[in-house]
Amino acid sequence: MTNQQQWAENAWNQVTHKVGRTSKKIGSNFPHASGNGEYQLAEPHWWTAGFWPGLLWLTYRDTKDNALKELAAACEEKLDAVLKDYYRLDHDMGFMWTLTSVARYKLLGEEDSKRRALLAANLLMGRFNVNGNFIRAWNPWTEGEDNRGIAIIDCLMNLPLLFWATEETGDPRFKGVAERHARTVLQHFIRSDGAVHHIIRFDPESGDFIEAVGGQGYAPESAWSRGAAWAIYGLALCYHYTGDNNYKETAKRVAHFFISHLPDDYVPHWDFRLPAGVDAPRDSSAGAIAACGLLLLADQSAAEEATVYRKAGERILRSLFENYGDWENQEEEGLILHGTSHFPEGRYTDNPLIYGDYFFVEGLAKLKGYTQLFW
């Protein structure tokens, strides 16, 4: 067994042991961020609802622990009320039902899961703005707010639900919407140096570009690290489903920007471009997301390039395990410490985040040789 295989196997064993323990407390709920050692639970309609059941499915796939399977299935069933009765469904339906229903359908062939995922895909497709060629992001957060023209880089990770729906049904409309949104990302979100905008505002009537918005990054022209991570993985997934080299080459450009800005321990700060005097905590979740994207990009690339992406992805995951992982502390439910959720709003700026945990485990599963994507 190589050194890389040894640490990855050790890491996987630590994950399965801890998830087996924490799952008994978290149950079929929806953890979001850990505070004082305990995961704070979110409502089922929150965008992160899919990550805990997705993590359970990743672990179940390897261990065949039926207790984890039952919890993940129960989470999916709780989301039925959101799918049917919640007025504020938004672009994150992909995050929510890909890691619950699509994952379960791929693993177990459950028809109810297929039906749920196809319904979510139809609702997600309904958010497409035909004039601007983008999937609208959020609904108004406050009365009178107009965000009808908002699109965000995170939404790339919702597109696999649409690509999957076309593969499953043969109906090209889902893939068509996904590709048109992805081409808008290429045009407006990815800068020439590989840095990424978080938010673009379009005119909702004409579809014309209005402005870039800083969002969860420091400023419109800074470089929010998790946005770059979403772009690497999301564009690699677009290439996976379409074979369009524009997506792969752009993913590479973002990947080179991301890798070149990593600190010595390979775990990024929350933004790569910060003025002097601004706090620069790490965002372990950005590292985990990017690592998954880099490993997929390695699989899609010629040997010389693949080595660069694979080594970077492995180094990130190993650093997360050795320097940011929490394995022996019985008082901490999170797996990976030092995530930054929303620095500009001061929200969870040094905490384990459920999506950081999920992507860390997904990355380990890739290193173990699992090639099936839930996405």
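Here the structure is a predicted model, which means the values were calculated and not measured.

K.L.:
Sorry, what's going on with the side chain of His91 here?
P.N.:
By the element assignment, His91 lies in the loop between helix H3 (66-85) and helix H4 (93-108). A residue is classified by how much of its surface remains accessible, and His91, at 0% relative accessible area, is buried. In terms of polar contacts, His91 uses its side chain to reach the side chain of Asp92, at 3.2 Å. With residues near it in sequence (within four places) discarded, His91 still touches Leu124, Arg127, Ile135, Arg136, Ala137, Trp138, Ile152, Cys155 and Asn158.

K.L.:
Explain the packing of helix H10 (residues 284-300) against helix H11 (residues 303-324) here, please?
P.N.:
The axes of two packed helices give the description: the angle between them and the distance between them. The geometry of H10 relative to H11 is characterised by a closest axis approach of 8 Å and an angle of 150° between their N-to-C directions. Considering their axes alone, H10 and H11 lie roughly antiparallel with respect to each other. Considering how the two elements wind past one another, H10 and H11 form a crossing that is left-handed. Touching Ser284, Gly287, Ala288, Ala291, Leu294, Leu295, Leu297, Ala298 and Asp299 of H10 are Ala306, Tyr309, Arg310, Ala312, Gly313, Glu314, Ile316, Leu317, Leu320 and Tyr324, all from H11.

K.L.:
I tried to follow the environment of Val267 on my own but got confused; where do I start?
P.N.:
By the element assignment, Val267 lies in the loop between helix H9 (245-260) and H10. Owing to a relative accessible area of 0%, Val267 belongs among the buried residues under this scheme. As a C-alpha pair, Val267 and Ser319 span 52 residues in sequence and 7.1 Å in three-dimensional space. When residues no more than four places from it in sequence are discounted, the contact partners of Val267 are Leu262, Arg282, Asp283, Ser284, Ser319, Leu320 and Tyr324.

K.L.:
Looking at this model, I keep getting lost on the sheet that holds strand E5 (residues 150-152). Mind explaining?
P.N.:
What links the strands of a sheet is backbone hydrogen bonding, and the strands pair in either a parallel or an antiparallel sense. Taken in spatial order, the three strands make up an open sheet running E5-E6-E7, and their pairing is antiparallel. Single-partner strands in this sheet number two, and they are E5 and strand E7 (209-213). Sheet twist, expressed as the mean angle between neighbouring strand axes with direction ignored, is 25°. Bridge count for strand E6 (residues 199-202) against E7 is four bridges, and the pairing is antiparallel. Note on E7: the bridge partner recorded for Arg201 is Glu211.

K.L.:
What exactly am I supposed to notice about the side chain of His197 here?
P.N.:
With respect to the secondary-structure elements, His197 resides in the loop between helix H7 (172-188) and E6. From its side chain, His197 meets the backbone oxygen of Pro220 in a polar contact 3.1 Å long. Beyond its immediate stretch of four places on either side in the chain, His197 contacts Ile153, His188, Phe189, Arg191, Ala212, Pro220 and Glu221.

K.L.:
Even after reading the chapter, I still don't get H11, so can you show me in this structure?
P.N.:
Each full turn of the α-helix corresponds to 3.6 residues, which orients residues three or four apart in the same direction. Over its 22 residues, H11 extends 30 Å from the first C-alpha to the last, a length consistent with the 32 Å expected when each residue adds 1.5 Å. Where H11 is buried, its residues touch helix H1 (3-26), H9, H10 and helix H12 (354-367).

K.L.:
How should the packing of aromatic side chains be read in this particular structure?
P.N.:
Each aromatic ring pair is summarised here by two numbers: the centre-to-centre distance and the angle between the ring planes. In total, this model carries 27 aromatic pairs according to the counting rule given. Taken together, a centroid distance of 5.0 Å and an interplanar angle of 10° make the contact between Phe163 and Tyr241 stacked. In this pair, Phe163 is assigned in helix H6 (residues 159-169) and Tyr241 in helix H8 (residues 225-242), connecting sequence segments 78 residues apart. Note on accessibility: Phe163 and Tyr241 belong to one class, buried. Above the ring of Trp141, the side-chain terminus of Arg88 is found at 5.8 Å from the ring centroid. One residue, Arg173, lies across the ring of Phe174, its end atom 5.7 Å from the ring centre.

Calculation criteria
Residues numbered from 1 in each chain as written. Predicted model: local features only at pLDDT ≥ 70, side-chain atom pairs only at ≥ 80, totals over all residues. Heavy atoms only, no water. Helix = DSSP H or I, 4+ residues; strand = E, 2+ residues; numbered from the N terminus. Buried < 20%, exposed > 50% of the residue type's maximum accessible area, 1.4 Å probe, protein only. Polar contact = N/O pair within 3.5 Å; in protein donor to acceptor, adjacent residues only side chain to side chain. Contact = heavy atoms within 4.5 Å. Axes fitted to C-alpha atoms, helices over the stretch in contact; angles between N-to-C directions. Parallel < 35°, antiparallel > 145°, perpendicular 65-115°, else oblique. Left-handed = near helix turned anticlockwise from the far one by under 90°. Pairing = 2+ DSSP bridges. Expected span 1.5 Å × (residues − 1). Phe/Tyr/Trp six-rings, centres within 6.5 Å; stacked < 30°, edge-to-face > 60°. Lys NZ or Arg CZ within 6 Å of the ring centre and 35° of its normal.

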